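Results of the structural survey
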Amino acid sequence: MIKIHNLEKSFGNNHVLNGVNIEITRGECVCVIGPSGSGKSTFLRCINLLEQPDAGEILINGKDILKPGLDLDAFRANLGMVFQHFNLFPNMTVKENIKLAPVRLQKWTKEEADKKAVELLKRVGLEDKADTYPNKLSGGQKQRVAIARALAMNPEVMLFDEPTSALDPEMVGEVLEVMRSLAKEGMTMIVVTHEMGFAKNVSNRVIFMDHGTIVEDRPPKELFEQPEHERTKSFLAKVL
Ligand code: ADP
Ligand code: MG
């Protein structure tokens with residue numbers, strides 16, 4: 001479903017991605033781990049074109065998204081993105097946050113939008129918060145709303161960039177639980193995370209990135225129990 005070939009990205013003299021190669025099959029949950037500054041966020045941001053790569057190919061369903069003529073709105077609608085900071089619109093209720101994009105892009109009619117928003121809120125366990133404003137929610141609840149909002153466009157792929165890093169520890173579990181259920185339902189997911197438990201127990205593959213390349217790309221059990229590369233070993237020794 002996603003094929004990335006020799007992806008490169010620099011900021012000035014800083015070569016952040018140095019030839020990233022990966023293929024992801026529909027329904028896989030792939031976790032990306034690695035030290036701070038290794039290019040994980042830039043990698044995700046290139047996939048949904050928040051950053052323009054310098055070189056390489058990104059094929060999604062066989063289509064090269066770096067070729068001219070891409071319908072950017074339709075493309076973005078197909079990739080849900082969840083960030084460390086929730087970026088909810090503070091002046092809108094939870095339901096309005098969720099409805100905004102699908103109504104604007106005519107994915108939902110105004111008539112059906114309320115019902116659909118509440119269905120999504122049910123999926124993340126927050127149906128009673130539909131008319132609440134974000135500042136009345138905990139961090140974990142905000143992040144679950146952000147996930148519901150990303151799901152509203154019915155994307156084929158969900159990208160998560162450290163979705164639990166800004167949360168108080170007691171709220172991490174509720175967000176990971178929603179992500180786990182998404183993975184179980186067969187959503188294709190790429191998750192940058194420091195939650196090694198999630199990577200171990202939920203993902204199909206773990207990718208260890210360092211200095212802008214993929215050092216290791218293996219099933220979680222193998223990567224955690226028998227890392228092949230020194231860099232992976234020393235990283236795991238610090239985080240486990
Ligand atoms: P990670 O998510 O693994 O911590 P990032 O992809 O955020 O790493 O960053 C990798 C490197 O790219 C860092 O050195 C960072 O300073 C640099 N970088 C990221 N985004 C930008 C940007 N928009 N402009 C300049 N440098 C950037
Ligand atoms: Mg990052």
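See above for the structure.
Residues numbered from 1 in each chain as written. Chains lettered and ligands numbered in written order. Predicted model: local features only at pLDDT ≥ 70, side-chain atom pairs only at ≥ 80, totals over all residues. Heavy atoms only, no water.

As for the packing of aromatic side chains
Definition in use: Stacked, edge-to-face and tilted labels apply to pairs of Phe, Tyr and Trp rings (six-membered ring for Trp) whose centres lie within 6.5 Å, assigned for plane angles under 30 degrees, over 60, and everything in between, in that order. Numbered from the N terminus, helices here are DSSP runs of H or I no shorter than four residues, and strands are runs of E no shorter than two. Note on classification: 1.4 Å probe, protein chains only; a residue is buried when its accessible area is under 20% of the maximum for its type, exposed when over 50%, partly exposed between these limits. Note on geometry: a ring has a charge over it if NZ (lysine) or CZ (arginine) is within 6 Å of the ring centre and within 35 degrees of the ring normal.
All chains considered together, the criterion is met by one aromatic pair. Judged by centre distance (5.2 Å) and plane angle (35°), the rings of Phe 208 and Phe 235 are tilted. Note that Phe 208 is positioned in strand β9 (residues 205-210) and Phe 235 in helix α9 (residues 230-239), a separation of 27 residues in sequence. Judged by relative accessible area, Phe 235 falls into the buried class, the value being 9%. A cation sits over an aromatic face here: Lys 200 above Phe 224, 5.4 Å from the ring centre.

What about the packing of helix α5 (residues 139-151) against helix α6 (residues 169-184)?
Keep this limit in mind: Lines fitted to the C-alpha atoms define the axes, with helices restricted to the stretch that makes contact. Angles between their N-to-C directions range from 0 to 180 degrees. Should an angle fall under 35 degrees it is taken as roughly parallel, and over 145 as roughly antiparallel, whereas 65 to 115 is taken as roughly perpendicular and any remaining angle as oblique. Left-handed describes a crossing in which the near helix is turned anticlockwise from the far one by less than a right angle; the clockwise case is right-handed. We call two residues contacting when some pair of their heavy atoms lies within 4.5 Å. Only Asp, Glu, Lys and Arg are considered charged, only Ala, Val, Leu, Ile, Met, Phe, Trp, Tyr, Cys and Pro nonpolar, and every remaining residue, Gly among them, polar.
Where α5 meets α6, the axes come as close as 8 Å, and the angle between the chain directions of the two elements is 20°. One way to sum up the angle between α5 and α6 is to call them roughly parallel. The chirality of how α5 crosses α6 is right-handed. Side by side, α5 and α6 meet where Gly 139, Gly 140, Gln 141, Gln 143, Arg 144, Ile 147 and Leu 151 of the first sit next to Met 171, Glu 174, Val 175, Val 178, Met 179 and Leu 182 of the second. Looking at the contact of α5 with α6 residue by residue, the classes come out as seven nonpolar, four polar and two charged.

A few points about α5
Three- or four-residue spacings in an α-helix give side chains the same orientation, since the helix completes a turn every 3.6 residues. This is how the line gets drawn: In this scheme, a helix's expected span is set at 1.5 Å multiplied by one less than its residue total.
In a regular helix each residue adds 1.5 Å, so 13 residues correspond to 18 Å; α5 covers 18 Å between its end C-alpha atoms and thus fits that length. Across the 13 residues of α5, eleven count as buried, placing the element largely inside the fold. The complete set of buried residues in α5 reads Gly 139, Gly 140, Gln 141, Gln 143, Arg 144, Val 145, Ala 146, Ile 147, Ala 148, Ala 150 and Leu 151. Contact partners of the buried residues in α5: β6 (79-82), α3 (94-104), α4 (110-123), β7 (157-161) and α6.

Structural notes on the pairing of β9
Regular strands have side chains that alternate between both faces of the sheet. To keep things clear, this is the line we draw: Strands pair, by our definition, only if DSSP identifies at least two bridges between them.
Among the six residues in β9, six count as buried, and that is most of the element. In β9, alternate side chains face the same way, and those of Arg 205, Ile 207 and Met 209 on one face and Val 206, Phe 208 and Asp 210 on the other are all buried. In this sheet, β9 lies alongside strand β3 (residues 29-33) in parallel orientation, the contact comprising four bridges. Bridged to Val 30 within β9 is Arg 205. Both β9 and strand β10 (residues 213-218) contribute to a ladder of five bridges, which runs antiparallel. Bridge pairing links Val 206 to Arg 218 in β10. Hairpin remark: β9 followed by β10, antiparallel, with two residues in the connecting loop; positive phi at His 211, about 45°.

Points about the sheet that holds β3
What the six strands build is an open sheet, ordered β6-β7-β8-β3-β9-β10; its pairing is mixed. Pairing within the sheet leaves two strands with one partner each, and these edge strands are β6 and β10. Recorded for the sheet is a direction-independent mean angle of 20° between the axes of neighbouring strands. Lying on the sheet, helix α1 (residues 40-47) is in contact with β3, β6, β7, β8 (188-192) and β9; it crosses β7 at an angle near 150°. On top of the sheet, α9 reaches β3, β9 and β10; it is set at about 100° to β9, its chief contact.

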